[in-house]
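Take a look at the letters that make up each chain.
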Amino acid sequence: KKRVLKAGGFRYSWHNLLSSEQKEQLEKEALEVWAEDALQYHDVNKDRKITLQELTSSFLQWHVVMWRFAKLKNIGKKKKSPAKWLDEVIAHEESVLRKFYCSDAQNCPPADDLVAHGAQLKKKGKGAISRVMGKIKSMYEERDGEDEELTMVDRTTGSADKKKVSQLKSEL
């Protein structure tokens, strides 16, 4: 159980501040949440069962997303002007859409829309491209989760309160 939780990223810096009973409860709830997340993601037809076809399809979909994300991250690591960054991102994503998403690469409205969006960004100038570039780069920058917002629910009353991880750490 602990190996699964560690592999799944369910270890937080505040974990060691919990009592043994609280750790056990956290681990139990984390596994339940993880199992429900897996069911929600993989069970395409929502029959509460995951078939081999559903599992294979969703893993392929996830792999494609992660491959595209890794490519985007790699493009972002290279030192280049915002316009050159945009050209490379648009070229890669257009290629992916035409090759894998649309049945007819010559008639691919999503790819055409992407190219048009890139052209609009270029017309707006370096500042607009830089803002988009910054937003995209922020998706893959390492952060310690300080800005993550959690919903804390009182199990007795049912009342909920939203707090950032940084706020919770300061209360400990």
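Residues numbered from 1 in each chain as written. Predicted model: local features only at pLDDT ≥ 70, side-chain atom pairs only at ≥ 80, totals over all residues. Heavy atoms only, no water.

1. Focus on the pattern of salt bridges
Tallying each qualifying case throughout the model produces eight salt bridges. A salt bridge links E88 to K80; the nearest nitrogen and oxygen atoms lie 2.4 Å apart. Its salt-bridge partner being K122, residue D87 comes within 2.5 Å of it at the nearest N-O pair. Highlighted residues: D87 in helix α4 (residues 82-101) and K122 in helix α5 (residues 109-124), separated in sequence by 35 residues. The exposure class assigned to D87 is partly exposed, which follows from its relative accessible area of 38%. The exposure class assigned to K122 is partly exposed, which follows from its relative accessible area of 40%. A single salt-bridge network, built from bridges that share partners, covers K78, K80 and E88. (Salt bridge = Lys/Arg side-chain N within 4 Å of Asp/Glu carboxyl O. Helix = DSSP H or I, 4+ residues; strand = E, 2+ residues; numbered from the N terminus. Buried < 20%, exposed > 50% of the residue type's maximum accessible area, 1.4 Å probe, protein only.)

2. Looking at the state of the cysteines
By the definition in use, this model includes one disulfide. Put simply, C102 and C108 are joined by a disulfide, and their sulfur atoms are 2.1 Å apart. Its S-S torsion of about 60° marks the bond between C102 and C108 as right-handed, since a negative value means left-handed. For C102, a relative accessible area of 13% puts it in the buried group. Residue C108 is classed as buried on the basis of its relative accessible area, which comes to 0%. (Disulfide = S-S within 2.5 Å.)

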